[in-house]
Amino acid sequence: MSEKTKTFIRAAAIRGVRTVAQTAVATIGTAVAMGDVNWGLVASASVLSGILSVLTSIATGLPEVDSEL
């Protein structure tokens, strides 16, 4: 595996994990305001956002990777 590929995978994974965390915090915050946290909804929305983040990174690239290489 090339160094560029390793760098891309690492950057995409970091971006995906951050997106999952942001979605979880937003979903929990909204649910608490409504009075009930649906943990299945929190998990599914968070995982879906992480998958979409990684797919978007693959489709459009990552500026932080392009600037490093």
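Residues numbered from 1 in each chain as written. Predicted model: local features only at pLDDT ≥ 70, side-chain atom pairs only at ≥ 80, totals over all residues. Heavy atoms only, no water.

Chemist: Give a description of the overall build of the protein chain that names residues and reports values.
Modeler: Helices and strands together make up the secondary structure of the protein chain, namely three helices and zero strands. When the helices and strands of the protein chain are placed in sequence order, the string is α-α-α. A globule of 69 residues ought to have a C-alpha radius of gyration of about 11 Å, yet the protein chain, at 15 Å, is considerably larger. Taken along its principal axes, the extent of the C-alpha atoms in the protein chain is 50 × 20 × 15 Å. Roughly 4,800 Å² of accessible area belongs to the protein chain as shown, and the carbon and sulfur atoms make up 67% of that amount. (Helix = DSSP H or I, 4+ residues; strand = E, 2+ residues; numbered from the N terminus. Rg over C-alpha atoms; globule rule 2.2 N^0.38 Å. Areas by Shrake-Rupley, 256 points an atom, 1.4 Å probe, with all protein chains shown as cover.)

Chemist: Tell me about helix 1 (residues 3–34), and please be specific about residues and values.
Modeler: Counted at 1.5 Å a residue, the expected span for helix 1 with its 32 residues is 46 Å, and the 47 Å between its end C-alpha atoms agrees. Within helix 1, burial applies to Thr7, Ala11, Ala12, Gly16, Thr19, Thr23, Ala24, Thr27 and Ala31. Gly35 sits one or two positions beyond helix 1 and adopts a positive phi of about 105°. (Expected span 1.5 Å × (residues − 1). Buried < 20%, exposed > 50% of the residue type's maximum accessible area, 1.4 Å probe, protein only.)

Chemist: Any chance you could break down the side chain of Thr19 for me, citing the residues and the numbers?
Modeler: Structurally, Thr19 is set in helix 1. Among the polar contacts listed, one links the side chain of Thr19 to the backbone oxygen of Arg15, at a separation of 2.9 Å. Thr19 has contacts with Ser49 and Ser53, leaving out every residue within four places of it along the chain. (Polar contact = N/O pair within 3.5 Å; in protein donor to acceptor, adjacent residues only side chain to side chain. Contact = heavy atoms within 4.5 Å.)

Chemist: So what's going on with the packing of helix 1 against helix 2 (residues 39–60)? Residues and values would help.
Modeler: Between helix 1 and helix 2, the shortest axis-to-axis distance is 8 Å and the interhelical angle comes to 150°. In terms of their interaxial angle, helix 1 and helix 2 are classed as roughly antiparallel. As for how helix 1 packs across helix 2, the hand of that crossing is right-handed. Residue-level contacts link Phe8, Ala12, Arg15, Gly16, Thr19, Val20, Thr23, Ala24, Thr27 and Ile28 of helix 1 to Trp39, Leu41, Val42, Ala45, Ser46, Ser49, Gly50, Ser53, Val54, Ser57 and Ile58 of helix 2. In the contact of helix 1 with helix 2, the residues fall into eleven nonpolar, nine polar and one charged. (Axes fitted to C-alpha atoms, helices over the stretch in contact; angles between N-to-C directions. Parallel < 35°, antiparallel > 145°, perpendicular 65-115°, else oblique. Left-handed = near helix turned anticlockwise from the far one by under 90°. Nonpolar A, V, L, I, M, F, W, Y, C, P; charged D, E, K, R; others polar.)

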